[in-house]
Amino acid sequence: MIGIRNIVVLTGAGVSAESGIATFRGPGGLWEGHRVEDVCTPEALADDPALVHRFYDLRRAALAGVVPNAAHDALARLDRGWRGELLIVTQNVDDLHERAGAVRMLHMHGELNSALCAACGARAAWREALPPGTRCAACGSGALRPDIVFFGEMPYHMTRIDAALAAADLFVSIGTSGAVYPAAGFVQTARAYGAATLELNLEPSAGSAWFDETRLGAAGALVPAWVDEVLGAG
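Residues numbered from 1 in each chain as written. Predicted model: local features only at pLDDT ≥ 70, side-chain atom pairs only at ≥ 80, totals over all residues. Heavy atoms only, no water.

- Named according to an unreviewed UniProt entry, the protein chain is NAD-dependent protein deacylase originating from Sphingomonas ginsenosidimutans.
- The protein chain has a UniProt comment under Function (unreviewed entry) that states "NAD-dependent lysine deacetylase and desuccinylase that specifically removes acetyl and succinyl groups on target proteins. Modulates the activities of several proteins which are inactive in their acylated form."
- Comment text from UniProt for the protein chain, heading Sequence similarities (unreviewed entry), reads "Belongs to the sirtuin family. Class III subfamily." (UniProt positions renumbered as here; feature names shortened; annotations may be inferred.)

Okay, structure coming up:
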């Protein structure tokens, strides 16, 4: 692509939905009678740690039954084939990008397969159930919690993301609602620094007006076609 060397890709729930990642919301928007937002806050963790830990234990266990889809595979292929700078920023907490083979990526909202010590800040790979009171191997406290950015907490890696957006020639948003900040503001930041902007989504997002181009359809079809276009011209 002429003039394009540095690319930042943002992915959201629409990328993993085609792999069958469960939303854990019932028809009324609830999980076990609770709003999902009410089990994803620091206050909820303090008030009912068993509930919050069980919610994430179920999500972690569900990962064993899903596999990367064509969109994940295409972005991994872009990672392998793109000679310029690339950063894939995902809002998803699953490990499907990694399993597809992506390396130049980060999780801004945390990872299901990781545990965080609320006492000392240490992190540990974690694939099994994580009961409240589980002890941290680094400091010995019983303060391990899911390594997830709860509502009201600061997303991870923001300094690195901001630097990548400032240097980007192209910003691409894939499968996101455009309603959750700060990720929803990335397109405006990229535009302010002069990047071209592209949205690949099932339907127009809340921020579609900020993009130079929007392509609508399933991520499993749109992303491989776009990667073919990029690598074919690179």
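And the narrative resumes.
**Re the sheet that holds strand S6 (residues 110-117)**
Right, so step 1: A sheet is described by the order of its strands in space; here 3 strands give the open sequence S7-S6-S8, paired in antiparallel fashion. The strands lining the two open edges of the sheet, one partner per strand, are strand S7 (123-125) and strand S8 (144-148). Taking each pair of neighbouring strands and ignoring which way they run, the sheet shows an average axis angle of 40 degrees.
Right, so step 2: Pairing of S6 with S7, which is carried by 3 bridges, proceeds in the antiparallel orientation. Pairing of Ser114 across the sheet is with Ala125, part of S7. (Pairing = 2+ DSSP bridges. Helix = DSSP H or I, 4+ residues; strand = E, 2+ residues; numbered from the N terminus. Axes fitted to C-alpha atoms, helices over the stretch in contact; angles between N-to-C directions.)

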